[in-house]
Amino acid sequence: MRWADLPTAVVVSAWGYLLIAGIGGLLSIKAQHVPGYPASGQVIQYAGLPALFLLLLIGAVILSRKARWFYDLYPFAIGFVGFLLFPFVMFWGGGV
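Let me begin by describing the structure that accompanies this report. (Residues numbered from 1 in each chain as written. Predicted model: local features only at pLDDT ≥ 70, side-chain atom pairs only at ≥ 80, totals over all residues. Heavy atoms only, no water.)

1. Topic: helix α1 (residues 5–31)
Here's step 1: Here α1 spans 38 Å end to end across 27 residues, near enough to the 39 Å set by a 1.5 Å rise per residue.
Here's step 2: Taken together, the buried positions of α1 are occupied by Asp-5, Thr-8, Val-11, Trp-15, Gly-16, Leu-18, Leu-19, Gly-22 and Leu-26.
Here's step 3: Against the buried residues of α1 lie α2 (40–66), α3 (74–83) and α4 (85–92).
Here's step 4: Just downstream of α1, His-33 is the residue with a positive phi angle, here 55°. (Helix = DSSP H or I, 4+ residues; strand = E, 2+ residues; numbered from the N terminus. Expected span 1.5 Å × (residues − 1). Buried < 20%, exposed > 50% of the residue type's maximum accessible area, 1.4 Å probe, protein only. Contact = heavy atoms within 4.5 Å.)

The structure is reproduced here in structure tokens:
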């Protein structure tokens, strides 16, 4: 086990939770049968972006195991995606 695996697990868990919660929220919105909802922006924010960041994290993990040149950049990549979690949660919750 590498020293960067624990922070990776925390960041992946956070993005995974946001994806599951977002899909649940979108299904709840759709169950209300309001015309025009969920809007495309809601689908992108609540399901698309968390899925994208999860795929980037999985790609970073695989790339760090296979490509020797990415091994040193791996902690910075995980930290960057972890840092992007905070502004995303601000927009997720409705702002300030």
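The structure having been displayed, the exposition proceeds.
2. Section: the nonpolar core
Here's step 1: Of all hydrophobic cores here, the largest spans 15 residues; its most connected members are Val-11, Trp-15, Leu-57, Ile-78 and Val-81.
Here's step 2: Of all the secondary structure elements, the ones that give two or more residues to this core are α1, α2, α3 and α4.
Here's step 3: Here Val-11 is in contact with Leu-57, Ile-78, Val-81 and Gly-82, once residues within four sequence places are set aside. (Core = buried A, V, L, I, M, F, W, Y, C linked by side-chain atoms within 4.5 Å.)

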